[in-house]
Amino acid sequence: MRRGLCFRDAGAVDGTPPRGEFTGIVRANQALCREHYRLTLEVVGFPPSTPGQFIEILSLPGGGSTEKRRPTPASSAGPGDETARPREWQWTAAAPPRFTDPDLIAQRPYLRRPFSIAQRRDARGQQSDSAAVTQLDIMYRVVGKTTRVLEQLRPGAMVSLLGPLGRGFIIPPSLRLALLVGGGVGIPPMLYLAEQLALRGIPAVAFAGAQRADLFPLILPPGAPRPLDRPVASRSVLEFARHGISSIVATDDGSLGMHGFVTVALRAYLEREKEINGDSTTVFCCGPMPMMKATAAIAAMRKLPCQVSLEQPMACGMGTCQSCVIKYQPAGEPEWGYRLACADGPVFQAADIIWP
Amino acid sequence: MNNIAAPPPTGEPDLSVRLGNMLLANPVMTASGTCGYADEYADFTDLSQLGAFVTKAISKTPRKGNESYRVIETRAGLLNAIGLANIGLARFLKEKIPLLEKMGVPVIVNVPGWQIEDYADVAERLDHESPVVRGIELNVSCPNVKSGLSFGTDAVRLAQLVAAVRRRVSRCTLIVKLSPNVTDIAVTARAAVEAGADCLSLVNTFTAMVVDIEKGRPWLANGVGGLSGPAIKPIAVYMVHRVYSQVARKHQIPLIGMGGIQSWSDAVEFLLAGATAVAVGTALFIDPAIPLKICEGLREYLTRKEKKNVIEIIGALAMPEEGRAGGNS
Ligand SMILES: Cc1cc2nc3c(=O)[nH]c(=O)nc-3n(C[C@H](O)[C@H](O)[C@H](O)COP(=O)(O)OP(=O)(O)OC[C@H]3O[C@@H](n4cnc5c(N)ncnc54)[C@H](O)[C@@H]3O)c2cc1C
Ligand SMILES: Cc1cc2nc3c(=O)[nH]c(=O)nc-3n(C[C@H](O)[C@H](O)[C@H](O)COP(=O)(O)O)c2cc1C
Ligand code: FES
């Protein structure tokens, strides 16, 4: 297919890297913890990308799989295990009706869904932006129609993807220390960013949060430094330690690492590290809205620049439907306006956002 | 020039169609609001292969649009309440027209409004100032903006609107996009045609609602939205046929059919039902290249049916005797 030919030939596209639709062949779909998986897709000719960019995946039940279905691995008991769920007529106060009921979830997804790029490698597993064959990783949590289809994918299955989409994190030339703050499914872009920072030799500290220990999608090797419940960064999380990056872990219920939201860890850390300042340090953040809002406030208090990757329901991901709006007002602008999370973002300067 | 369609290679069926004074190389266009102003969409498909390009609504002044959430997927479609968010006429002329000029296919601008002057002013400026704009599509049916419902659902006011815009548009093809949220779409169709419309497009979205059962309130910030996608296709096909048989055929007015088109076979249904061209909307979000695939499929279909020209199948539906169409169930 000739893509975007008419504009590109006319020189109207200002050096923006080509994007488009690609086929991803599933190479792995590994359970990470309860409800979380890492999906590795092999893609031919995938354009260069930056951390914070995302892809829009279309995956339909039974679509393109070349291998027989196997039952879901036991480690993912929960939403994958339909028999464990109450049927409609069994709803009780303890198990209230949710949109995870098998009968309702048995819908087909209709549109694509956005997922952050968590890592990319060439065919030999080396970090690479321009390989002919790219291995793209996404990490997803099973919450609904599409992610339940993803959960069933086996090696050899195929998905369609659009990408790379959006604008990623910007690494300022003056950056000497990056603080990476990731919560839940906001962690994946932080892994990609960690790798890029390491390549540039820029030190970083990671703050990774989850609701509970069993929903923490990263690996804490048995030999990792302990204890984890203090705001002291250590090489505890494998995915960050691999890049020489220390981390602090937090869970909402205290079942792993510090007790509280990941912002509690960030605040406590910054209280101890008095010399950190905005000239050389930037906060990079992705996670649930309230968590990003709180991170933005902490960064503002310490006068640290802060970039956030925002999530909004998206119908197209290409900037054409106007569905994914964010309220935006940079300093000096007399009036707020909407920006598109998919095309103007998902990464924004936190100070420019009007938080809900 | 944009209006000269390249002749098809010998042996291939001719897909070109005429809408008012626009000649389209093929009958497959984009639907308003689903592909922006073309620039965002250009990376994902070859726009020069479209029959025509229809822009997002352009109003006299910029509009922010509705609060979030603006969309929610349904079982077989999409509910949206964007609220006609757009950059406004001035920025459109300055920033978007230069890109559209490079595309090489007829451009149709979708124009919304809240009173007659809103429509007429924008339409007149486009007609006078932008040669690349070949058609103006009046969006009288957007169900998302409270007062937007009225023109499209009230034949008398619709006729006044169309007549007023007609007086100020001479060069462009004047298209009226009908609302499906009416008892009999032939009534508003007739009003639009008798008031001077060159072409009708149908359908816009159906007013609908999705409820967030956890929060006990509508999912969309706007409360209600417009339903599009495969869920509405059979109703849209019926409405196209109704307008074709009751109004368009008699007045020789071409129709642009849309609503849930995802494949060449969907498109053929609309053509047989009486549409001269078809538009693809929501499905572009899934596969931006669908219009090109529809053209390919259409070519094969026509070849298989031994038709030299797509025009041969327009309205060629063999209907059971007239009148029975309404009596169902
Ligand atoms: C830029 C961006 C990057 C992202 N990156 C990631 C990532 O890296 N990893 C990741 O896991 N996720 C990521 N997400 C989120 C991800 O896109 C969503 O989790 C995904 O779209 C869910 O799709 P689904 O089809 O599985 O769920 P859906 O079926 O679409 O459901 C989504 C949620 O809505 C609820 N819901 C649906 N309908 C109703 C209703 N009527 N009433 C009440 N509740 C309802 C469901 O229960 C569910 O919780 C990202 C999002 C964005 C915008
Ligand atoms: C996100 C979205 C935005 C739309 N915006 C407009 C618009 O600005 N003006 C208009 O006339 N129709 C608009 N429409 C309606 C479409 O042009 C089309 O009439 C409708 O979606 C039915 O076609 P489909 O089922 O192929 O999408 C919009 C539809 C969607 C889904
Ligand atoms: S998702 Fe369509 S514009 Fe952002």
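First, a word on scope: everything that follows refers to the structure included in this document.

The rules we used
- Residues numbered from 1 in each chain as written.
- Chains lettered and ligands numbered in written order.
- Predicted model: local features only at pLDDT ≥ 70, side-chain atom pairs only at ≥ 80, totals over all residues.
- Heavy atoms only, no water.
- Near = heavy atom within 4 Å.
- Polar contact = N/O pair within 3.5 Å; in protein donor to acceptor, adjacent residues only side chain to side chain.
- Areas by Shrake-Rupley, 256 points an atom, 1.4 Å probe, with all protein chains shown as cover.
- 1 Å grid on protein atoms, 1.4 Å probe; cavity = no way out; pocket = protein on both sides within 12 Å on 5 of 7 lines; lining within 4 Å.
- Sits in = over half its atoms within 2 Å of the grid points.
- Nonpolar A, V, L, I, M, F, W, Y, C, P; charged D, E, K, R; others polar.
- Helix = DSSP H or I, 4+ residues; strand = E, 2+ residues; numbered from the N terminus.

**Points about the site of ligand 2**
Residues and elements named next belong to chain B.
Here is step 1: Near ligand 2 there are 23 residues, and of these Ser 32, Lys 177, Gly 229, Gly 260 and Thr 282 occur at the shortest range.
Here is step 2: At 2.7 Å from an oxygen atom of ligand 2 is found a main-chain nitrogen or oxygen belonging to Ser 32.
Here is step 3: Lys 177 places a polar side-chain atom, nitrogen or oxygen, 2.7 Å from an oxygen atom of ligand 2.
Here is step 4: Its free accessible area being 600 Å², ligand 2 has 98% of it covered by the protein chains.
Here is step 5: Given that more than half its atoms are within 2 Å of the pocket grid, ligand 2 belongs to the largest cavity.
Here is step 6: Partitioning the shell around ligand 2 into residue classes produces seven nonpolar, 14 polar and two charged.

**Some details on the site of ligand 1**
Here is step 1: Close contacts around ligand 1 come from 23 residues, with Arg 113, Pro 114, Met 139, Thr 146 and Thr 147 of chain A the closest.
Here is step 2: Looking at what sits near ligand 1, you find residues from chains A and B.
Here is step 3: Arg 113 of chain A places a polar side-chain atom, nitrogen or oxygen, 2.9 Å from an oxygen atom of ligand 1.
Here is step 4: Interatomic distance of 2.5 Å between a side-chain N/O atom of Thr 147 of chain A and an oxygen atom of ligand 1.
Here is step 5: With the chains in place, 83% of the 980 Å² that ligand 1 exposes on its own is no longer accessible.
Here is step 6: When residues of the shell around ligand 1 are traced back to their parent elements, those giving at least two are strand S4 (113-116), strand S6 (133-141) and helix H3 (145-151) of chain A together with strand S12 (211-212) of chain B.
Here is step 7: If one sorts the elements of the shell around ligand 1 by residue count, S4 of chain A sits on top with four residues.
Here is step 8: Taken together, the residues that form the shell around ligand 1 break down as 13 nonpolar, five polar and five charged.

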